[in-house]
Amino acid sequence: MTATLYHSRNPNPRLAVAVARHLTAPVAYEWASPFHPDHAARFLALNPTQRIPILVEDGEPLWETDAIACRLSQLAASDFWRQGRDQPDMIRWISWGKETFVRACDMVHFERGTKQRYHLGPIDHAKISEGLAMFTEAAAILNAHLSRQDWLTGNRPSYADFRMATFLPFNDVAGLPIADHPAIAAWAARLNTLPAWADPFAGLDAPPLPPIPGTKP
Ligand SMILES: N[C@@H](CCC(=O)N[C@@H](CS)C(=O)NCC(=O)O)C(=O)O
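Residues numbered from 1 in each chain as written. Predicted model: local features only at pLDDT ≥ 70, side-chain atom pairs only at ≥ 80, totals over all residues.

1. What about helix H4 (residues 87-99)?
One full turn of an α-helix is made of 3.6 residues, so residues set three or four places apart face in the same direction. Inclusion rule: Labels follow the DSSP assignment, with helices taken as runs of H or I lasting at least four residues and strands as runs of E lasting at least two, numbered in each case from the N terminus. The length a helix should cover is 1.5 Å for every residue beyond the first. With C-beta atoms placed from the backbone, the exposure class of a residue follows from how many other C-beta atoms lie within 10 Å of its own: 20 or more, buried; 12 or fewer, exposed; in between, partly exposed. To be clear, the arc concerns the directions from the helix axis to the C-beta atoms. In this description, any two residues whose backbone-derived C-beta atoms lie within 7 Å of each other are considered to be in contact.
Between its first and last C-alpha, H4 extends 19 Å over 13 residues, near the 18 Å set by a 1.5 Å rise per residue. Taken as a whole, H4 has its buried residues at Met90, Trp93, Ile94 and Gly97. Projected down its long axis, H4 carries its buried residues within an arc of 100 degrees, all on one side. H4 presents Pro88 and Glu99 as exposed residues on the side facing more than 90 degrees away from its buried surface. Looking at the buried residues of H4, the elements they touch are helix H3 (65-75), helix H5 (101-117) and helix H7 (159-164).

2. What about the site of the ligand?
The line we're drawing: Each residue receives a C-beta atom built from its backbone; the residue is near a molecule or strand if that atom lies within 6 Å of it. Just so you know the grouping, Ala, Val, Leu, Ile, Met, Phe, Trp, Tyr, Cys and Pro go in nonpolar, Asp, Glu, Lys and Arg go in charged, and all remaining residues, Gly too, go in polar.
Contacts to the ligand come from 13 residues, most closely from Ser8, Asn10, Asn12, Arg51 and Thr65. No other element matches helix H1 (residues 11-22), which puts 3 residues into the shell around the ligand. Split by residue class, the shell around the ligand holds 6 nonpolar, 5 polar and 2 charged.

3. Structural notes on unusual backbone geometry
The peptide bond linking Ile52 to Pro53 adopts the cis configuration, its omega dihedral lying at 15 degrees. The residue Pro53 is located in the loop between helix H2 (40-46) and strand S3 (54-57) in this model. If you check the backbone angles, Asp58 has positive phi at about 50 degrees while not being a glycine. Positionally, Asp58 belongs in the loop between S3 and strand S4 (60-63). A positive phi angle, close to 55 degrees, is found at His119, a residue other than glycine.

In C-alpha cells form, the structure reads like this:
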C-alpha cells in the first residue's frame, strides 16, 4: 500500500516534501488544509496538533517532520537520515538547530509571514527583536562550522542540512540577515542546486500560500 504525504507550501510540510522528492520516496502527495473548518475533524483524528506534514502508511498516521524524514529514508533505503557512526553527529545538528537557529528563523518568520498571511494579528516587534538576537548568536556558530565544511554532517547533504534550512526559502518574507554570514549564504546556495530543495512542488498540485497584505504575491 502506498504511503500518503499530506502537505502544504508552509515551512514544515515543504521540508517533508523536499525530503521525499530528494529521495524519490515511494509516496503519494496530497495537498491539505488542516485548519479549514471542513477538514479540521479529519486532520485532528490523524494528528492531535492538527498540523501537517502527516505521513499515512497502512492507515497509520505519523506526524512531526523529523520522524517523517526518518521514515522516508527507511522507505527509500537511503542514509539521508544517517546510520551508524554518523548518526549522532546528524542528530546533534538537528537538535541544536531546533533549539536555536531554526527556532530564531521560525520566530521572525511567524511574525512577518504566517501571522500576516493568516490574519493572526499585528507584528509583535518584541518577538522580532528576541528572534533576531537568537539568530545572531546561532548564526555565528553555524557560520563557523560551515566555513570548515560544505555540509553539516560529513561531506554530502543529510537531513540535518534540510532541517537547519527549513525557513531559508521563506527569507524573502522573514528578512533575516543571512548575507552577513557568508558561509551560511554559500551553504544556502549549495542547497539550492538540489532540485528537490529548490522546488519541491514542481509538478505537484499545491496551491500557493495566501498572500501577505501589502506585498507582491
Ligand atoms: N513540529 C511540527 C510543526 C508542524 C507545523 O507547524 N505545521 C504547520 C505549517 S509549518 C501547519 O500545519 N500549518 C497548516 C498548513 O500548512 O495549512 C513539525 O515539525 O512537523
